[in-house]
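Listed below are the residues making up each chain.
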Amino acid sequence: MSAKANFVLLIIAGLLLAALAGRNGALAAMALPFLFYLAAGWLTSPGEIRLRAVRSLNKIRCETGDEVTHTVTIVNEGEDTLCIKLDDFVPSEFRITGENRSPRVALPGNESVEIQYRFTAPRGCYEWQTLPVTVSDPFGLFERRVELPAPARLLVLPQTLPLRKFPVRLSHTLHTVGPNLSRLPGTGIDFWGLREYHPGDSLRWIHWRSAARHPKQLFTKQFEREEMANVGLLLDARSITERTEGGENLLEHSIQATASLAKTLLQMGNRVSLLILGERLVRVFPGTGKRQLTHILDRLAECRPGDKNGNNPLKYLPVRLFPANSTIVMVSPMQTGDLAFFARARAEGYRVLLVSPDPVSFQASGYSQTPAASLAVRAAHLERRALLWRIRQLGVGVVDWPVGRPLAQCVRSIPHAGIGERL
Amino acid sequence: MNRVFRSICLILAAALLAGGYALDSSWVGAAAVLTLAACWGIGRRFHWNWLHSALLAGYGIAAAGGILLGISAHWMIAGCAFGLAGWELASEDWVQTNDPALPWRILLWRKTLPSLAGSVGLGLLAAEILLLVRVSVPFGVMLLAALLGIVSLYLFYRAQKARP
């Protein structure tokens with residue numbers, strides 16, 4: 001029974017009680033139109049329900065801010081006309097555009113109705129399993145709720161910020177053609193040195209100036225070999241990293257940064273892997289190319305913060321999950337207890353770069369402008385600066401990123417020599 | 001079309017109730033009913049859907065009060081019945097622009113209107129007959145019948161609630 005029916009029942013009961021109290025038959029007679037209305041609803045309430053629903057989305061993967069068209073087709077496979085209303089689950093984060101998404105309609109037997117609405121959604125993985133439909137009499141008094149199977153899935157990928165190029169020189173390259181200078185002679189563009197001419201060397205590579213100085217001798221130019229490097233992205237999505245201020249979430253900035261770095265590194269031609277430390281430990285094995293980018297963006301879209309991996313999972317995270325001698329790029333706002341991870345990673349021979357969205361300046365805007373608050377913010381800034389300094393002392397490159405500034409601008413300022421060397 | 005029927009029902013409901021009070025020279029009652037009708041119109045304009053049910057209850061109370069004050073029950077019951085029809089028609093936005101499901105919404109409207117007219121009309125007719133045919137019932141029997149009615153309504157409510 002719906003709220004409408006309950007309300008009508010209440011009026012009838014009230015009128016009957018008033019008739020009894022006032023000993024007035026006219027009051028009881030006044031309840032009759034309500035009683036007949038209720039009876040008509042009951043008599044026309046649905047019998048057998050044979051409905052089928054198909055849910056479709058015009059995109060199954062989209063970027064944040066893209067408009068998605070959601071279409072639901074309901075087919076009445078029975079003979080009777082049914083009055084139906086959609087009670088579809090729409091996550092609160094969706095911004096619906098267009099018409100009413102839950103209209104009441106009368107659907108004759110063997111007919112179908114298509115109900116459509118458009119929405120934009122923030123990053124995430126959205127899944128629907130069933131479509132709740134309320135079937136009722138024409139007045140909507142006697143309702144029956146049925147759940148029709150109508151599965152669908154939508155992945156809203158994180159936005160990627162434009163990064164022109166990755167500013168860190170990646171050493172320990174793989175012996176596969178790539179974008180990084182390997183400090184080995186081979187095919188490339190950058191001049192490396194000279195060697196004696198061997199039969200078969202291209203005449204274009206002969207260094208004629210040296211040949212002029214050394215008669216009867218020829219020298220061949222050598223170039224620095226350009227190779228692919230292994231980069232492991234580590235996204236810190238522990239509960240502590242989820243901080244909200246002014247409708248924005250710091251974790252979303254971290255995810256955007258990870259997506260942007262993955263895109264840039266893969267576009268350069270590197271082999272990239274991903275490890276997400278969140279609700280669960282998610283790993284994308286090393287790979288290259290567009291398909292790898294798709295894998296990484298999909299996992300980032302599904303990323304949820306959480307602490308199911310123990311109290312401080314970063315402290316006990318097996319560093320060997322990343323390929324040996326690779327460069328680890330960690331995206332984390334950081335806290336004091338995380339220092340041990342960097343020490344272990346450096347001891348294992350990894351080069352580490354930390355991109356740290358600044359949680360202090362992110363949250364400072366929300367504090368009142370009192371002297372105590374500004375003093376507290378200053379103290380937090382100092383504490384963070386001290387922590388980052390200690391991380392730098394371990395030979396870790398640090399990008400301190402106030403999220404209000406473009407990431408590209410902050411990344412550009414890292415000193416090349418800072419990574420992998422004790423300052 | 002729905003707007004026309006809804007307006008007719010609401011105007012008739014207000015006119016019958018206010019007219020009944022006016023015939024009895026209860027100008028305060030008539031003014032109260034007209035104020036309720038004006039509130040209904042304003043609530044409709046600002047999409048205060050909760051106001052519809054509150055105002056139907058208000059109409060019911062006004063009609064019951066009128067009957068207890070000795071005003072003609074015919075006017076009061078008719079006013080209340082039209083109020084019920086107006087409430088049902090106002091409970092939903094029947095037609096929307098650019099709605100792909102528009103044909104099925106019109107079909108729902110076509111199914112609803114005859115059922116509504118039939119049920120409220122029959123109810124009104126039954127009430128009028130009950131007013132014309134004077135039957136003397138002892139209080140004890142009346143009490144028993146009313147209690148039976150309320151218990152039946154409660155059992156009906158529970159049975160409907162238990163339905164899947």
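So, how was this worked out
Residues numbered from 1 in each chain as written. Chains lettered and ligands numbered in written order. Predicted model: local features only at pLDDT ≥ 70, side-chain atom pairs only at ≥ 80, totals over all residues. Heavy atoms only, no water. Salt bridge = Lys/Arg side-chain N within 4 Å of Asp/Glu carboxyl O. Helix = DSSP H or I, 4+ residues; strand = E, 2+ residues; numbered from the N terminus. Buried < 20%, exposed > 50% of the residue type's maximum accessible area, 1.4 Å probe, protein only. 1 Å grid on protein atoms, 1.4 Å probe; cavity = no way out; pocket = protein on both sides within 12 Å on 5 of 7 lines; lining within 4 Å. Points joined across faces, edges and corners; volume = space filled by probe spheres on them. Nonpolar A, V, L, I, M, F, W, Y, C, P; charged D, E, K, R; others polar. Pairing = 2+ DSSP bridges. Disulfide = S-S within 2.5 Å. Contact = heavy atoms within 4.5 Å. Buried area = accessible area lost by both parts, 1.4 Å probe. Polar contact = N/O pair within 3.5 Å; in protein donor to acceptor, adjacent residues only side chain to side chain. Axes fitted to C-alpha atoms, helices over the stretch in contact; angles between N-to-C directions. Parallel < 35°, antiparallel > 145°, perpendicular 65-115°, else oblique. Left-handed = near helix turned anticlockwise from the far one by under 90°.

All names here are of chain A. Taken as a whole and assessed by the stated rule, the structure comprises 15 salt bridges over all chains. A salt bridge links Arg-238 to Asp-338, with the nearest nitrogen and oxygen atoms 2.8 Å apart. One end of the pair, Arg-238, is in the loop between strand 11 (219-236) and strand 12 (244-245); the other, Asp-338, is in the loop between strand 16 (327-331) and helix 6 (339-347), and 100 residues separate them in sequence. On the basis of relative accessible area, Asp-338 is assigned to the buried category, the value being 1%. Salt bridges here are not isolated pairs; linked through shared partners, they connect Glu-127, Arg-153, Arg-299 and Glu-302.

Once that is clear, we can look at the layout of surface pockets. Approximately 820 Å³ is the volume found for the largest pocket. As for the largest pocket, its lining consists of 28 residues, and the residues nearest its centre are Asn-24, Gly-25 and Ala-28 of chain A together with Leu-130 and Met-142 of chain B. For the lining of the largest pocket, the secondary structure elements donating two or more residues are helix 1 (3-22) and helix 2 (25-43) of chain A together with helix 5 (102-132) and helix 6 (139-162) of chain B. The biggest single contributor to the lining of the largest pocket is helix 6 of chain B, with 8 residues. Partitioning the lining of the largest pocket into residue classes produces 21 nonpolar, 5 polar and 2 charged. As a volume, the second largest pocket reaches approximately 560 Å³.

Here the focus is the pairing of strand 18 (residues 397-401) of chain A. Residues and elements named next belong to chain A. Here strand 18 lies mainly inside the structure; 4 of its 5 residues are buried. The sheet contact formed by strand 17 (residues 351-357) and strand 18 spans 5 bridges and is parallel. Paired with Pro-357 across the two strands is Trp-401, which belongs to strand 18.

Next up on the list: the state of the cysteines. Residues and elements named next belong to chain B. All told, the structure shown has 0 disulfides over all chains when counted by the stated rule. With no disulfide of its own, Cys-39 lies 17 Å from the sulfur of Cys-80, the closest cysteine sulfur. Using a relative accessible area of 32% as the deciding quantity, one classes Cys-39 as partly exposed.

Often, the extent of an interface is quoted as the loss of accessible area upon association of its parts. Between chain A and chain B, the residue contacts involve 51 residues of the former and 52 residues of the latter. Here chain A and chain B share an interface that buries about 4,500 Å² over both sides, 76% of which is from carbon and sulfur atoms. For the pair chain A and chain B, the number of links is 1 salt bridge. The shortest N-O distance in the salt bridge between Glu-88 of chain B and Lys-4 of chain A comes to 2.7 Å. At the boundary of chain A and chain B, one finds 2 residue pairs in polar contact (both at pLDDT 80 or more). Only helix 1, helix 2, strand 6 (104-107) and strand 7 (112-120) of chain A provide two or more residues apiece to the side of chain A that touches chain B. Considered class by class, the residues forming the side of chain A that touches chain B number 37 nonpolar, 7 polar and 7 charged.

Residue and element names in this part refer to chain A. Pairing is mixed in the open sheet, where 5 strands are placed in the order 2-9-8-4-6. A strand with exactly one partner marks an edge of an open sheet, and here the two such strands are strand 2 (61-63) and strand 6. Each neighbouring strand pair of the sheet contributes to a mean axis angle of 35°, computed without reference to strand direction. Relative to strand 9 (residues 143-157), strand 8 (residues 124-136) is paired through 12 bridges, and the arrangement is antiparallel.

This paragraph deals with the packing of helix 2 of chain A against helix 4 (residues 73-90) of chain B. It is the contact of helix 2 of chain A with helix 4 of chain B, at a shortest axis distance of 10 Å, that shows an interaxial angle of 25°. It follows from the interaxial angle that helix 2 of chain A and helix 4 of chain B lie roughly parallel. Once helix 2 of chain A is placed against helix 4 of chain B, the crossing between them reads as right-handed. On helix 4 of chain B, the residues touching Ala-26, Ala-29, Met-30, Pro-33, Phe-34 and Tyr-37 of chain A of helix 2 of chain A are Ala-73, Ile-77, Cys-80, Ala-81, Leu-84, Trp-87 and Glu-88 of chain B. Tallied by class, residues from the contact of helix 2 of chain A with helix 4 of chain B come to 12 nonpolar, no polar and 1 charged.

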